[in-house]
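Listed below are the residues making up each chain.
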Amino acid sequence: MPRFHGQSNHTPMDVVNQLRKQYADYLASLFHEGVLDDQFTQLQKLQDESNPDFTVEVASLFFVDSDKLIDNMAAALERSPVDFKQVDADVHQLKGSSSSIGATRVKNLCITFRSFCEAQSYEGCLICLQQVKNECALLKDKLQNLFSMEQQIVGAGGSVPLMD
Amino acid sequence: MPTSQLHGVSSPKCEVTALVVDDDTVSQMIHHKLLNILGIENDVVVNGKQAVDIHLSGKKFDLILMDRDMPVMNGIEATKKLRDMGIRSTIAGVSSHSSSKEKQEFFEAGLDVYHEKPLSVAKLLSVVSKIKHKA
């Protein structure tokens, strides 16, 4: 939360505007870092009064799915012999859902991961699995920050700015 | 208001119906929402076999959004089966990036149109504009 030095009579509008600016800057940084892409904005645009938590719900679904898929991949990679086709199928699934929510870096990692599956490279797959795990954890963290900032804006009576 | 003005007033809801066939819960939610926004009543099933079964139960749809990769029965088999059953609905294949060979195979199964995931409002509108046969 920002601390206001000096002035003690900020209007509610000042607070909302400050929150909105912080949100916009944070969101822009996520786009700039390649964590999110325009598909995420498309999802935000689908949110309306009939579904005010649409984006949060889709994101939650994604993390439930991705956790399951990652566990499956880890288990498949531990078996002997490794069923690379199964791992590939799970990575393909994760690639699809990550692209659907605009999670660019996760999606791109999946593309690399698939080529290691195709090449049947055990080490390559292990490295990709770890990277995917890290990237999903990072995304979860960032989205949680984003959503809690959204709640603050809405709680203060403002509207959430979208990326242009 | 004179009763003559009330007769013949059609429901403001759009009358196009759709079926979402996809095993990915994220895609299901997004496609369901996209269709709702366009006022299109839609059902969601999780694989090709359920898509076939729902038709066997007598339901029909103007539009079917068919994912390609699904367990039990994939989109290609389901599309073939539905066409064999005489289903003439507009079938839109939806999938993550696939090779031109895979796309061709999907089209040959009986697709009307194909789009890569993720679907957007724009892509969906272009699909809806292609609906020819009312179910």
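Residues numbered from 1 in each chain as written. Chains lettered and ligands numbered in written order. Predicted model: local features only at pLDDT ≥ 70, side-chain atom pairs only at ≥ 80, totals over all residues. Heavy atoms only, no water.

Draft legend 1. How the structure looks around the UniProt feature "domain: HPt" (unreviewed entry) in chain A. According to UniProt, the feature "domain: HPt" (unreviewed entry) maps to residues 51-153 of chain A in the numbering used here. Note that residues 51-153 of chain A is 87% helix and 0% strand, and that its end C-alpha atoms are spaced 18 Å apart. (UniProt positions renumbered as here; feature names shortened; annotations may be inferred. Helix = DSSP H or I, 4+ residues; strand = E, 2+ residues; numbered from the N terminus.)

Draft legend 2. Molecular detail of unusual backbone geometry. Residues and elements named next belong to chain A. Looking along the chain, the bond that leaves Ser-80 and enters Pro-81 is cis, with omega of 0 degrees. Considering the arrangement of structural elements, one finds Pro-81 in the loop between helix 3 (54-78) and helix 4 (84-101). Not every positive phi belongs to a glycine, and Gln-120 is a case in point at roughly 55 degrees. Structurally, Gln-120 is set in the loop between helix 5 (104-118) and helix 6 (122-155).

Draft legend 3. Spotlight on helix 1 (residues 12-32) of chain A. Residue and element names in this part refer to chain A. Given a rise of 1.5 Å per residue, 21 residues ought to cover 30 Å, and the 30 Å separating the end C-alpha atoms of helix 1 matches this to within 8%. If you check which residues of helix 1 are buried, you get Val-16, Leu-19, Tyr-23, Tyr-26, Leu-27, Leu-30 and Phe-31. Taken down its axis, helix 1 places every buried residue within 140 degrees of arc, on the same side. In helix 1, the exposed positions that point more than 90 degrees away from the buried face belong to Met-13 and His-32. Each element contacted by the buried residues of helix 1 is listed here: helix 2 (38-46) and helix 6. (Expected span 1.5 Å × (residues − 1). Buried < 20%, exposed > 50% of the residue type's maximum accessible area, 1.4 Å probe, protein only. Arc of directions from axis to C-beta. Contact = heavy atoms within 4.5 Å.)

Draft legend 4. Region of interest: the interface of chain A and chain B. Tallying the contact residues gives 20 residues for chain A and 18 residues for chain B. The tally of links between chain A and chain B comes to one salt bridge. Salt-bridge contacts for Lys-33 of chain B lead to Asp-48 of chain A; the nearest nitrogen and oxygen are separated by 3.1 Å. Linking chain A with chain B are five residue pairs in polar contact (both at pLDDT 80 or more), by the criterion used here. Of all the secondary-structure elements, those providing two or more residues to the side of chain A that touches chain B are helix 2, helix 3 and helix 4 of chain A. The leading source of residues in the side of chain A that touches chain B is helix 4 of chain A, at eight residues. When the residues that make up the side of chain A that touches chain B are grouped by side-chain class, the tally is seven nonpolar, nine polar and four charged. (Salt bridge = Lys/Arg side-chain N within 4 Å of Asp/Glu carboxyl O. Polar contact = N/O pair within 3.5 Å; in protein donor to acceptor, adjacent residues only side chain to side chain. Nonpolar A, V, L, I, M, F, W, Y, C, P; charged D, E, K, R; others polar.)

Draft legend 5. Expanded view of the packing of aromatic side chains. According to the stated counting rule, one finds three aromatic pairs over all chains in the structure shown. Measuring from centroid to centroid gives 6.5 Å for Phe-107 of chain B and Tyr-114 of chain B, while their planes differ by 50 degrees, and the two rings are tilted. Relative accessible area serves as the criterion here: at 11%, Tyr-114 of chain B is assigned to the buried category. Each residue in the set Phe-106, Phe-107 and Tyr-114 of chain B is aromatic and connected to the rest through ring pairs, giving one cluster. Sitting over the ring of Phe-54 of chain A, Lys-33 of chain B keeps its end group 5.7 Å from the ring centre. (Phe/Tyr/Trp six-rings, centres within 6.5 Å; stacked < 30°, edge-to-face > 60°. Lys NZ or Arg CZ within 6 Å of the ring centre and 35° of its normal.)

Draft legend 6. Fine view of the packing of helix 3 (residues 48-56) of chain B against helix 4 (residues 75-84) of chain B. Residues and elements named next belong to chain B. Running from N to C, helix 3 and helix 4 point in directions that differ by 20 degrees, and their axes come no closer than 8 Å. Viewed along their axes, helix 3 and helix 4 adopt a mutual orientation that is roughly parallel. Between helix 3 and helix 4 the crossing geometry is right-handed. Where helix 3 approaches helix 4, its residues Gly-48, Ala-51, Val-52 and His-55 are matched on the opposing element by Ala-78, Lys-81 and Leu-82. (Axes fitted to C-alpha atoms, helices over the stretch in contact; angles between N-to-C directions. Parallel < 35°, antiparallel > 145°, perpendicular 65-115°, else oblique. Left-handed = near helix turned anticlockwise from the far one by under 90°.)

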